[in-house]
Amino acid sequence: MRKVEPSRLRAFLASVRLSLLLFLADPQWVIPATIAPVIFGFAAFELYQGSGATLVLYAILGAGMMSMWGQTLYGAGWATGQDRELGTLEPTLSTPTSYLWVVFGRIVVNAVTGLVGGLVVFAVVSFAYPHPLPLHAPVEFVLLFAFVLVTLASVGLVLSAVYVYTRYAGFINNFGEFGFYIITGSMFPVVLLPFWTSPIALLLPPTWALDALRYASLPGYAGFGWGFTGDILGAVGTMLVYLAAAGSVYHRVEQHVLTVGNLQEY
Amino acid sequence: MVDAAISVRQLTRVYSSRKGFLFNEVTRTEALRGVDLEIAPGELFGLLGPNGAGKTTLAKILSTLLLPSSGSARVLGLDVVRDAPRLRSRIGLVLGGERGLYYRVSGRENLRYFADLYGIPRAERESRITEMLERVGLGAAGDQRVEEYSRGMKQKLHLARGLLHQPELLFLDEPTIGLDPKSARETRKFVRALLSEGVTIFLTTHYMFEAEELCQRIAVLSKGKIVATDSVAGLRQLVGGDRTFEIDGYGFEDAELARLKALAGVSRVVTEEFGPRLRITLRVQSPELELDRVARALPGHPELEVRERRTALEDIYLDLVEEEPA
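With that settled, consider the overall build of chain B. From N to C terminus, chain B includes eleven helices and 14 strands. Viewed in the frame of its principal axes, chain B has a C-alpha envelope of about 75 × 50 × 50 Å. Taken across its 326 residues, chain B has 54% of its residues classed as buried. Sequence separation of 24 or more characterises 71% of the internal contacts of chain B that already satisfy a separation of 6 or more. By element, 50% of the accessible surface of chain B is carried by carbon and sulfur atoms, the whole surface being about 14,500 Å².

Residues and elements named next belong to chain B. Where helix α3 (residues 107-117) meets helix α4 (residues 122-136), the axes come as close as 10 Å, and the angle between the chain directions of the two elements is 130°. Between α3 and α4, the crossing angle belongs to the class labelled oblique. Taken as a pair, α3 and α4 cross one another with a handedness that is right-handed. Counting all contacts with α3, which are made through Arg108, Leu111, Arg112, Ala115 and Asp116, the residues of α4 involved are Arg125, Glu126, Ile129, Thr130 and Leu133. Residue classes in the contact of α3 with α4 are distributed as four nonpolar, one polar and five charged.

This part covers the pairing of strand β8 (residues 200-205) of chain B. Residue and element names in this part refer to chain B. When you tally the buried positions in β8, you get six out of six residues, the bulk of the element. Taking every second residue as pointing to the same face, both faces of β8 are buried, with Thr200, Phe202 and Thr204 on one and Ile201, Leu203 and Thr205 on the other. As defined by bridge partners, strand β7 (residues 169-173) adjoins β8 across five bridges and the pair is classed as parallel. From the neighbouring strand, aspartate 173 faces β8, where its bridge partner is threonine 204. One crossover worth recording links β7 to the parallel β8 by way of helix α6 (residues 181-196), and it is right-handed.

The next point concerns the domain arrangement of chain B. In terms of domains, chain B is made up of domain 1 (6-236) and domain 2 (240-310). Look at where the C-alpha atoms of domain 1 of chain B and domain 2 of chain B centre, and you get two points 40 Å apart.

Bringing the nonpolar core into the picture now. In this structure, Ile6(B), Leu58(B), Leu62(B), Val75(B) and Phe202(B) are the most contacted members of the largest nonpolar core, which totals 100 residues. Of all the elements, helix α6 (residues 138-165) of chain A adds the most residues to this core, at 13 residues. Once residues within four sequence positions are removed from consideration, Ile6(B) is found in contact with Leu37(B), Glu38(B), Ile39(B), Leu62(B), Arg74(B), Val75(B), Leu169(B), Phe171(B) and Phe202(B). Formed by 45 residues, the second largest nonpolar core is a distinct cluster that contains Leu44(B), Leu133(B), Ala160(B) and Met208(B).

Once that is clear, we can look at the side chain of Asp248(B). All names here are of chain B. Among the structural elements, aspartate 248 can be located in strand β11 (residues 243-250). What makes aspartate 248 buried here is its relative accessible area of 6%. Excluding its chain neighbours within four sequence positions, the residues that come into contact with aspartate 248 are Arg277, Leu278, Arg279, Glu303, Leu304, Glu305 and Arg307.

Let's shift gears to the packing of aromatic side chains. Two measures describe an aromatic ring pair: the distance that separates the ring centres and the angle between the ring planes. Tallied over the full model, the rule gives ten aromatic pairs over all chains. For the ring pair Trp101(A) and Phe104(A), a centre distance of 6.0 Å and an interplane angle of 80° mean the geometry is edge-to-face. Taken as a pair, Trp101(A) and Phe104(A) lie in helix α5 (residues 99-128) at a separation of three residues, close to a single helical turn. We classify Phe104(A) as partly exposed; its relative accessible area is 28%. Judged by centre distance (5.4 Å) and plane angle (50°), the ring pair of Phe141(A) and Phe145(A) falls under tilted. Here Phe141(A) pairs with Phe145(A), and both are found in helix α6, just four residues apart, close to one helical turn. Take Phe141(A): its relative accessible area is 3%, and that puts it in the buried class. Judged by relative accessible area, Phe145(A) falls into the buried class, the value being 4%. Taken together through their ring pairs, the aromatic side chains of Phe12(A), Trp101(A) and Phe104(A) make up a single cluster. Between the NZ or CZ atom of Arg13(B) and the centre of the ring of Tyr15(B), over which it lies, the distance is 4.5 Å. For Arg161(B), the ring lying beneath its charged end belongs to Phe114(B), and the centroid distance is 4.7 Å.

All right, on to the pattern of salt bridges then. Tallied over the full model, the rule gives 33 salt bridges over all chains. Notably, a salt bridge pairs Glu126(B) with Arg112(B), separated by 2.9 Å at the nearest N-O pair. Taken as a pair, Glu126(B) in helix α4 and Arg112(B) in helix α3 lie far apart in primary sequence, 14 residues in all. Residue classification places Glu126(B) among the partly exposed residues on the basis of a relative accessible area of 29%. By relative accessible area, Arg112(B) is classed as buried at 13%. Residues Glu186(B) and Lys182(B) are paired through a salt bridge, measuring 3.1 Å at the closest nitrogen-oxygen approach. Of this pair, Glu186(B) and Lys182(B) both sit in helix α6, four residues apart, which is roughly one turn of the helix. Taking relative accessible area as the criterion, Glu186(B) reaches 32% and is therefore assigned partly exposed. Each of the salt bridges in this network shares a partner with another, and the network as a whole consists of Arg10(A), Arg17(A), Glu109(B), Arg112(B), Asp116(B), Arg125(B) and Glu126(B).

Residue and element names in this part refer to chain B. Tracing the backbone through its elements, the reader meets arginine 283 in strand β13 (residues 277-284). The class of arginine 283 is buried, set by a relative accessible area of 3%. For arginine 283, the residues in contact, after removing those within four places along its chain, are Val239, Gly240, Gly241, Arg243, Thr244, Gly265, Val266, Ser267, Arg268, Thr311, Asp315 and Asp319.

Calculation criteria
Residues numbered from 1 in each chain as written. Chains lettered and ligands numbered in written order. Predicted model: local features only at pLDDT ≥ 70, side-chain atom pairs only at ≥ 80, totals over all residues. Heavy atoms only, no water. Helix = DSSP H or I, 4+ residues; strand = E, 2+ residues; numbered from the N terminus. Buried < 20%, exposed > 50% of the residue type's maximum accessible area, 1.4 Å probe, protein only. Contact = heavy atoms within 4.5 Å. Areas by Shrake-Rupley, 256 points an atom, 1.4 Å probe, with all protein chains shown as cover. Axes fitted to C-alpha atoms, helices over the stretch in contact; angles between N-to-C directions. Parallel < 35°, antiparallel > 145°, perpendicular 65-115°, else oblique. Left-handed = near helix turned anticlockwise from the far one by under 90°. Nonpolar A, V, L, I, M, F, W, Y, C, P; charged D, E, K, R; others polar. Pairing = 2+ DSSP bridges. Right-handed = clockwise from strand over helix to strand, strands pointing away. Domains from an automatic or database assignment. Core = buried A, V, L, I, M, F, W, Y, C linked by side-chain atoms within 4.5 Å. Phe/Tyr/Trp six-rings, centres within 6.5 Å; stacked < 30°, edge-to-face > 60°. Lys NZ or Arg CZ within 6 Å of the ring centre and 35° of its normal. Salt bridge = Lys/Arg side-chain N within 4 Å of Asp/Glu carboxyl O.

Written as structure tokens, this is what we have:
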């Protein structure tokens, strides 16, 4: 018999491919990926359109972020939950590939569809708003938009381990989702939140990345005291911590589920 | 000496479950209680046992999907706990059933995904998938969505997936459960073909005839312990012979049953009630004991029906499982 060696890249790409196929095969994702962001965007536009272009931009950025985060976390987490439901978690874990790479592939697909959602919001509101949106640095804006997604994915990677850990992860996810919108400053500036939330906010890479994105998009924006560079460093630093933690978290979760023997439960 | 394909020593597995919210009540269930097992390379080994006996638990531990509570298990010379990632590329697992497949994509896509997770070389991947689909009889249905598959087709896809990476050892957990007779027969034929190719097979099943037809050796697992391991012929001797007499009649007295038990060559007497009718089953070791000798031991029963048949694996299994104390 021929001995085979799995590669992480192969597993990652296989996961990306399967996620895309499942995504396209199940039209329910059209709603969170494209329709919901447009509704968020219009709601933000209606609320802020009389307040000037800068506030409109702030609001649609928040709406875009919400859709991206929702798609990243919910989609990635649910993909693992779906493995439980379909009974595919056991066959997947019986392969020599670490499940972390499978989840990573799913998160990337969901993050990209989230990015599409965020861009849909931006495009729709730009079209509907009578004045051009005052993007401070358009190139940096696009790059940072993608960067925010990467930071969201790093958090999603750690949180999706909960779906491997327990079949009740959906409850935890739904509970945490809205808190995350608020804490990271998606909709409201972090400085408006109670003081005790700040340390939590600063532990989340998207908080920093969102602030950097606003520096690049809003003229005269004054965010955290560390400025744009400080935001980038904060985002990269916290993101690296999350990525490093993901490997350890997945190893521990895998050991736990093999101990309790709940892989087949859904 | 050839190393064992599977070697298990004093393996135990305890499940803990919690009930309640504030005041958790922890229930411990011993699924395996000190299992010892040795399986040779190239052997088709069957594991029989009633529901909840621990068959699937043992199969999952040996295939690295569950950690044992104590004891040790080595598969293909590798420890199932410490060497799990290395072992996974050398073993195949077929859990079967309706679940375990991505049903919104085709059978071929399912195999493609798992081929990548097993690291099958890209150059070989498509040809291997096509070959496996043909081999399990899904050649024409490979590009259909799995949700359109029948139960038998899904089972075939499970088999194809389990064999895609050409494992040296295959775990088959009740591979024919729920299949129609034709599909079940095809599956058994396929399993025999794998054996002839040198694949070691660990089969758990509820079906006695399947185990009898396929397995070279059989272990009977009852309440988490192996109560017997041998070939079917060896198990027959263990439970008292390969001849079985069945006596159907009415109103037997205890003294008559005792008389039957005292007959030379009778090793075991089992009774079953079918409404008012009683069936007495005798396990017979001696080739000399004749049916009319048995009938003569029950003189007051003119309506008696006495017949002889070969001791079936089901008889052996029931004898062994019912003997095991709680």
